[in-house]
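Each chain is listed here by its residues.
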Number of protein chains: 2
Amino acid sequence: MARPPGDIEALIALMARLPGLGPRSARRAVLHMLRKRMQVMEPLARALTVVAETARDCQRCGNVSEAEICRICADPRRATGAICVVEEVADLWAMERGGGFRGRYHVLGGTLSALDAVGPDELRIPQLIDRLAQEGVREVILALNATVEGATTAHYINEALAPHGVTVSTLAQGVPMGGELDYLDDGTISAALAARRKL
Amino acid sequence: MARPPGDIEALIALMARLPGLGPRSARRAVLHMLRKRMQVMEPLARALTVVAETARDCQRCGNVSEAEICRICADPRRATGAICVVEEVADLWAMERGGGFRGRYHVLGGTLSALDAVGPDELRIPQLIDRLAQEGVREVILALNATVEGATTAHYINEALAPHGVTVSTLAQGVPMGGELDYLDDGTISAALAARRKL
């Protein structure tokens, strides 16, 4: 069997390692690019090269950035005295899409995990504590995932922040927008009932 | 709302245009690459750049190639006197994965379509006819998709090849390997019945 040319095959193998793509869809994507070399493949090659060269972690919050300090940390209008703690950059982007938060972020880079030997130092928690005084932080909002690992990490951070005199809050739990009770898991319904509010 | 940095956003927009990826999965793929800059993003950027620079169409058969003539056309062992006609490069790769065909290919680049103004000249059919004498072809196998467009195109090519004294054949139609009758469409079952063979 004559396979696709070596370089193309290498490209397919690399594409197939991206999340959401397998060998079959990687092949399809590469064939699409080969058909649209000028319109798709060359711009994508250039964009990837630029990002691979320039992208780095923000030295302050851990966000993806093109400079030492990311655009959010560099924006003085976002020095609101509130820091939102998230697990991953993806969560930061999700919060920004929500559009409700006007302060700054702190990306942990994961959750505490005894199994994977992830301790507080791996999670940039000391850096978070350093920022409290440096930036005059009054409130820390924990926007961690509603998982066991997220809850454990939130609990740990809450304890670690206690001596520093900042308000620590977490996202509300309850029925999501458009959510139908019949399709929700029992835990969510119980949490929403416990946190019911007066109309 | 502070969006991801401009270059990264441009990269996500380009990735989202690939088949099988949307904005959400493109974002996920880019975040994955940002986390694995050395292991994933840089090799992928290099591979894409190489392919974007070197990939071209084989001058003879239309396959994707790194040289003027693709590896299959350049291989003298594949001068078997048989040419397999396919719609797209993806189909050529599928035939090669099947592994049963040892001759050469001819990629049409689509199917005849009055609506889209695709005529025989757009489909490299004249080039196919030129190859018959040049390469001493005795059999042309039409491996077109089992669609109305594929059948129309196969019919046209069969007529066009009639004066040239080559055998024209098409892939057999019938029950696919592992196919269960109950899940097959009626057309396939009728075709398989009409083409039944003695055991």
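Because the structure is predicted, anything quoted here is derived from the model rather than measured. (Residues numbered from 1 in each chain as written. Chains lettered and ligands numbered in written order. Predicted model: local features only at pLDDT ≥ 70, side-chain atom pairs only at ≥ 80, totals over all residues. Heavy atoms only, no water.)

**Quick notes on the overall build of chain A**
Rules: Each helix is a run of DSSP H or I of at least 4 residues and each strand a run of E of at least 2, with the numbering of both proceeding from the N terminus. A simple rule labels every residue: compare its accessible area, found with a 1.4 Å probe on the protein chains alone, to the largest value its type can have, and call it buried under 20%, exposed over 50%, or partly exposed in between. In short, Shrake-Rupley with a 1.4 Å probe defines the accessible areas, and a residue's cover is counted only from the protein chains shown. Lys and Arg are tallied as positive, Asp and Glu as negative. Neither His nor the chain termini are counted. For charged residues, the charge sits on one atom: NZ in Lys, CZ in Arg, CG in Asp, CD in Glu.
Secondary structure assignment for chain A yields 8 helices and 6 strands. Once the C-alpha set of chain A is aligned to its principal axes, its extents read approximately 65 × 45 × 35 Å. Taken across its 199 residues, chain A has 44% of its residues classed as buried. Working note: accessible area of chain A is about 11,000 Å², and carbon and sulfur atoms make up 53% of it. For chain A, the distance from the average site of its 23 positive side-chain charges to the average site of its 24 negative ones is 9 Å.

**Some remarks on the nonpolar core**
As a reminder, the rule being used: Remark: nonpolar core denotes a set of buried residues (Ala, Val, Leu, Ile, Met, Phe, Trp, Tyr, Cys) joined through side-chain atoms within 4.5 Å. Contacts: residue pairs with any heavy atoms within 4.5 Å of one another.
Core analysis: the largest hydrophobic core is formed by 78 residues, its most contacted members being Leu11, Met15 and Met33 of chain A together with Leu11, Met15 and Met33 of chain B. Apart from the residues lying within four places of it in its own chain, the contact partners of leucine 11 of chain A are Val30, Met33 and Met41 of chain A together with Leu44, Ala47, Leu48 and Val51 of chain B.

**Re helix H5 (residues 89-98) of chain B**
Of all the positions in H5 of chain B, only Val89, Asp91, Leu92, Trp93 and Glu96 of chain B are classed as buried. Residue glycine 99 of chain B follows H5 of chain B closely and has a positive phi angle near 80°.

**With respect to the relation of the copies chain B and chain A**
Note the threshold: Only residues with pLDDT of at least 70 in both copies contribute their C-alpha atoms to the least-squares superposition of the copies.
You can overlay chain B on chain A at an RMSD of 0.1 Å; the transform is a turn of 180° with a shift of 0.0 Å along its axis. Here the symmetry operator amounts to a two-fold rotation axis. When each C-alpha of chain B is compared by its distance to the rotation axis, alanine 45 of chain B comes out closest, at 2.9 Å. Both copies contact each other with a shared surface, as 100% of the interface residues of chain B are interface residues in chain A too.

**Some words on the domain arrangement of chain A**
A common way to express how large an interface is: the accessible area buried when the components associate. Selection criterion: Here the bounds of each domain stem from an automatic or database domain assignment.
For chain A, the assigned domains are domain 1 (6-54) and domain 2 (64-198). Averaged C-alpha coordinates put domain 1 of chain A and domain 2 of chain A at centres separated by 34 Å.

**Describing the sheet that holds strand E3 (residues 82-86) of chain A**
All names here are of chain A. Counted only if it meets this: Two strands make a pair as long as DSSP finds a minimum of two bridges between them. Axis definition: a line fit to C-alpha positions, over the contact stretch in the case of helices; interaxial angles, taken between N-to-C directions, run 0 to 180 degrees.
With respect to topology, 4 strands assemble into an open sheet ordered E4-E3-E5-E6, the strand pairing being parallel. Strands at the two margins of the open sheet, each flanked by one partner only, are strand E4 (104-107) and strand E6 (167-170). Each adjacent strand pair in this sheet contributes to an overall mean axis angle of 25°, direction not counted. Where E3 lies against E4, 4 bridges are found, and the strand directions are parallel. Each bridged residue has a counterpart across the sheet, and for valine 85 the counterpart in E4 is histidine 106. Along the sheet, helix H6 (residues 125-134) makes contact with E3, E4 and strand E5 (139-142), crossing E4 at roughly 155°.

**Examining helix H1 (residues 6-15) of chain A**
Applicable threshold: Note that the arc is computed from the directions linking the helix axis to the C-beta atoms.
Those residues of H1 of chain A lying buried are Ile8, Leu11, Ile12, Leu14 and Met15 of chain A. For H1 of chain A, the buried positions fall inside an angular range of 165° around the axis, keeping them on one side.

**A short note on the packing of aromatic side chains**
All names here are of chain A. The line we're drawing: In summary, the pairing rule links any two rings of Phe, Tyr or Trp, Trp by its six-membered ring, whose centres are within 6.5 Å, and it sorts them by plane angle into stacked for under 30 degrees, edge-to-face for over 60 and tilted for everything else.
Per the stated rule, a full pass over the model turns up 2 aromatic pairs over all chains. Ring geometry for phenylalanine 101 and tyrosine 105: centres 5.2 Å apart, planes at 70°, overall edge-to-face. Residues phenylalanine 101 and tyrosine 105 agree in their burial class; the two are buried.

**Looking at the pattern of salt bridges**
Inclusion rule: By salt bridge we mean one thing: a side-chain nitrogen of Lys or Arg within 4 Å of a carboxyl oxygen of Asp or Glu.
Under the defined criterion, the tally for this structure stands at 12 salt bridges over all chains. With a shortest N-O distance of 3.2 Å, arginine 77 of chain B and aspartate 75 of chain B are connected by a salt bridge. Among the charged side chains, a salt-bridge network with shared partners connects Arg104, Arg131 and Glu135 of chain A.

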